[in-house]
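Examination of the molecular architecture
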Amino acid sequence: MDLAERQVDSFRAAYRRDSIGPQYRGLVHLCFTFGLGCVVIGVSILSLEHVRPLEWLAVPLTFLYANLAEYFGHRGPMHHPRRGLQIVYERHAGQHHRFFTDRHMALESTRDLKAVLFPAVMISFFLVAFALPVGLLLAWLATPNVAWLFVMTAMAYFLNYEALHLVYHLPQDSVAGRLVLVRRLRRLHQVHHDPRLMARYNFNITYPIGDLLFGTLWRPVAAGTGGSVRIAR
Ligand SMILES: [Zn+2]
Ligand SMILES: [Zn+2]
């Protein structure tokens with residue numbers, strides 16, 4: 001076992017001891033995230049009324065907005081300490097990136113979900129502090145349909161984010177992890193987990209639109225070469 005492996009091992013042991021309480025149940029956490037998300041999406045769909053063609057534009061626009069929010073949130077406060085957002089930096093750079101490195105990507109039990117999923121309290125906070133006011137603002141500025149399409153798409157995007165990120169951190173031979181698209185996206189995230197590269201490349205966790213737009217995408221040369229090549233900057 002080399003030094004890097006020993007560091008991950010000892011960090012994992014300390015994190016499991018100090019940060020995962022005896023009451024924590026990973027599957028409950030997972031069900032809360034996807035259950036709440038599905039309820040919000042369901043309520044949004046049921047609230048739509050006679051959507052006009054132009055109103056559907058809210059779906060791709062919200063998707064793009066969410067992708068850029070993911071990109072800048074990850075490139076900014078998750079990798080650089082900002083006043084008032086230190087908790088975000090500590091959780092991501094200080095914990096997630098020490099628990100998982102490019103050579104140790106997989107969790108080892110459902111309790112390790114704590115190191116992957118957003119905390120339930122943070123999801124509830126984002127819903128109340130961001131989704132609600134933006135939805136109300138859109139209902140006022142545009143139409144209620146646009147507001148509901150925004151909430152629906154933003155929540156679907158978030159669930160997609162959580163699902164993909166979870167699969168990246170499952171053992172490599174998991175059923176979902178073997179899908180071609182997921183394998184490619186996982187490889188991008190694995191490169192991001194290289195401690196030498198994490199603060200500079202592959203900030204999108206889902207689809208690398210922001211990385212392509214802002215020149216921060218790395219891509220493997222070819223499977224099995226063990227190397228990566230920068231394709232844009
Ligand atoms: Zn990760
Ligand atoms: Zn990161």
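Quick note: structure is the one above.
These numbers come from a predicted model, not from an experiment.

The residue histidine 104 is located in the loop between α4 (86–99) and α5 (120–141) in this model. Beyond its immediate chain neighbours, meaning those up to four positions away, histidine 104 contacts Glu5, Val8, Arg12 and Phe99.

This paragraph deals with the environment of cysteine 38. Here cysteine 38 is to be found in helix α2 (residues 26–47). Among the residues examined, cysteine 38 registers a relative accessible area of 48% and is labelled partly exposed. C-alpha of cysteine 38 to C-alpha of alanine 176: the two residues are 138 residues apart in sequence and 20 Å apart in space.

What follows concerns the coordination of the zinc ion (ligand 2). Coordination of the zinc ion (ligand 2) by the protein comes from His74 (NE2), His79 (NE2), His92 (NE2), His97 (NE2) and His192 (NE2), over a distance range of 2.0 to 2.2 Å. Motif for the zinc ion (ligand 2), donor spacing along one chain: H-x4-H-x12-H-x4-H-x94-H. Taken as a pair, histidine 92 in helix α4 and histidine 192 in helix α7 (residues 180–192) lie far apart in primary sequence, 100 residues in all. Exposure remark for histidine 92: the relative accessible area of 6% places this residue in the buried category.

Quick look at the layout of surface pockets now. The computed volume of the largest pocket comes to approximately 1,300 Å³. As for the largest pocket, its lining consists of 39 residues, of which Ala69, Phe118, Phe126, Phe130 and Phe158 are closest to the centre. Those elements that place two or more of their residues in the lining of the largest pocket are α3 (58–75), α4, α5 and α6 (144–168). With 9 residues, α6 is the largest single contributor of residues to the lining of the largest pocket. The residue inventory of the lining of the largest pocket, partitioned by class, reads 29 nonpolar, 7 polar and 3 charged.

This part is about the packing of α2 against α6. Across the interface, α2 lies against α6 with an axial gap of 9 Å and an inter-helix angle of 155°. On the basis of the axis angle, α2 is roughly antiparallel to α6. Relative to α6, α2 is oriented so that their crossing is left-handed. Contact residues: Leu30, Thr33, Phe34, Gly37, Cys38, Val40, Ile41, Val43, Ser44, Ile45 and Ser47 in α2; Asn145, Trp148, Val151, Met152, Met155, Ala156, Phe158, Leu159, Glu162, Ala163 and Leu166 in α6. Grouping the amino acids of the contact of α2 with α6 by side-chain chemistry returns 16 nonpolar, 5 polar and 1 charged.

It is worth spelling out the nonpolar core at this point. Residues Ile41, Leu149, Met155, Phe158 and Leu159 are the most contacted members of the largest nonpolar core, which totals 13 residues. Put simply, the parts of the chain that give this core at least two residues each are α2 and α6. Broken down by element, the residue count for this core peaks at 8 residues, all from α6. Beyond its immediate chain neighbours, meaning those up to four positions away, phenylalanine 158 contacts Thr33, Phe118 and Ile123. Formed by 12 residues, the second largest nonpolar core is a distinct cluster that contains Phe11, Phe100, Leu107 and Ala115.

Here is what the cut-offs are and how they apply
- Residues numbered from 1 in each chain as written.
- Chains lettered and ligands numbered in written order.
- Predicted model: local features only at pLDDT ≥ 70, side-chain atom pairs only at ≥ 80, totals over all residues.
- Heavy atoms only, no water.
- Helix = DSSP H or I, 4+ residues; strand = E, 2+ residues; numbered from the N terminus.
- Contact = heavy atoms within 4.5 Å.
- Buried < 20%, exposed > 50% of the residue type's maximum accessible area, 1.4 Å probe, protein only.
- Donors = N, O, S within 2.8 Å, 3.2 Å for Na, K, Ca; no water.
- 1 Å grid on protein atoms, 1.4 Å probe; cavity = no way out; pocket = protein on both sides within 12 Å on 5 of 7 lines; lining within 4 Å.
- Points joined across faces, edges and corners; volume = space filled by probe spheres on them.
- Nonpolar A, V, L, I, M, F, W, Y, C, P; charged D, E, K, R; others polar.
- Axes fitted to C-alpha atoms, helices over the stretch in contact; angles between N-to-C directions.
- Parallel < 35°, antiparallel > 145°, perpendicular 65-115°, else oblique.
- Left-handed = near helix turned anticlockwise from the far one by under 90°.
- Core = buried A, V, L, I, M, F, W, Y, C linked by side-chain atoms within 4.5 Å.

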